Amino acid sequence: MTKKQAEPTSKNTLQIIFIIFTIIILGLEYFLYYFESTRIVDEEIKNLSSVARTEESSVINWYNDYKENAENFQSSSLFRRTFGSLIQDPQNVTNQ
């Protein structure tokens, strides 16, 4: 009795298996890209929101500081007198 030898897989079968695996891997990579791009966009939005809040609080603090200084100058009679004399005669500036 002779043993029947198994046929080696044909070249076409290996190519088809390779193409199927390639398509599956490309599909998985597409979904991975889609989810990662969404995650990166969300992370950037969070970072930019944080920067915007920080800048907003900086501008508000700057405004409040200068508003306080302006109110102090406005209520100071010495400043008003000195500023008024400077406006009337800019050449005659005295150190007061």
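Refer to the structure presented above.
This write-up is about the structure you can find in this document. All values derive from a computational prediction rather than experimental measurement. (Residues numbered from 1 in each chain as written. Predicted model: local features only at pLDDT ≥ 70, side-chain atom pairs only at ≥ 80, totals over all residues. Heavy atoms only, no water.)

A word on the overall build of the protein chain
Check the secondary structure of the protein chain and you find two helices and zero strands. Across the 96 residues in the protein chain, those meeting the buried criterion constitute 0%. With an accessible surface of roughly 9600 Å², the protein chain has 62% of that area assigned to carbon and sulfur atoms. (Helix = DSSP H or I, 4+ residues; strand = E, 2+ residues; numbered from the N terminus. Buried < 20%, exposed > 50% of the residue type's maximum accessible area, 1.4 Å probe, protein only. Areas by Shrake-Rupley, 256 points an atom, 1.4 Å probe, with all protein chains shown as cover.)

Re the packing of aromatic side chains
If you walk through the whole model with that rule in mind, you get five aromatic pairs. A ring pair is formed by F79 and F83, whose centres lie 5.8 Å apart and whose planes are at 15°; its orientation type is stacked. Here F83 and F79 lie together in helix α2 (residues 77-88), a separation of four residues that amounts to about one turn. Feature note: the residues F73, F79 and F83 constitute an aromatic cluster, connected by ring pairs. (Phe/Tyr/Trp six-rings, centres within 6.5 Å; stacked < 30°, edge-to-face > 60°.)

Considerations on the pattern of salt bridges
Enumeration according to the criterion identifies two salt bridges in this entry. The partner of R39 in a salt bridge is E36, with the nearest N and O atoms 2.8 Å apart. In this pair, R39 and E36 are both assigned in helix α1 (residues 11-75), three residues apart and thus about one turn of the helix distant. By relative accessible area, E36 is classed as partly exposed at 33%. Judged by its relative accessible area of 40%, R39 falls in the partly exposed class. Connected via shared salt-bridge partners are E36, R39 and E43. (Salt bridge = Lys/Arg side-chain N within 4 Å of Asp/Glu carboxyl O.)

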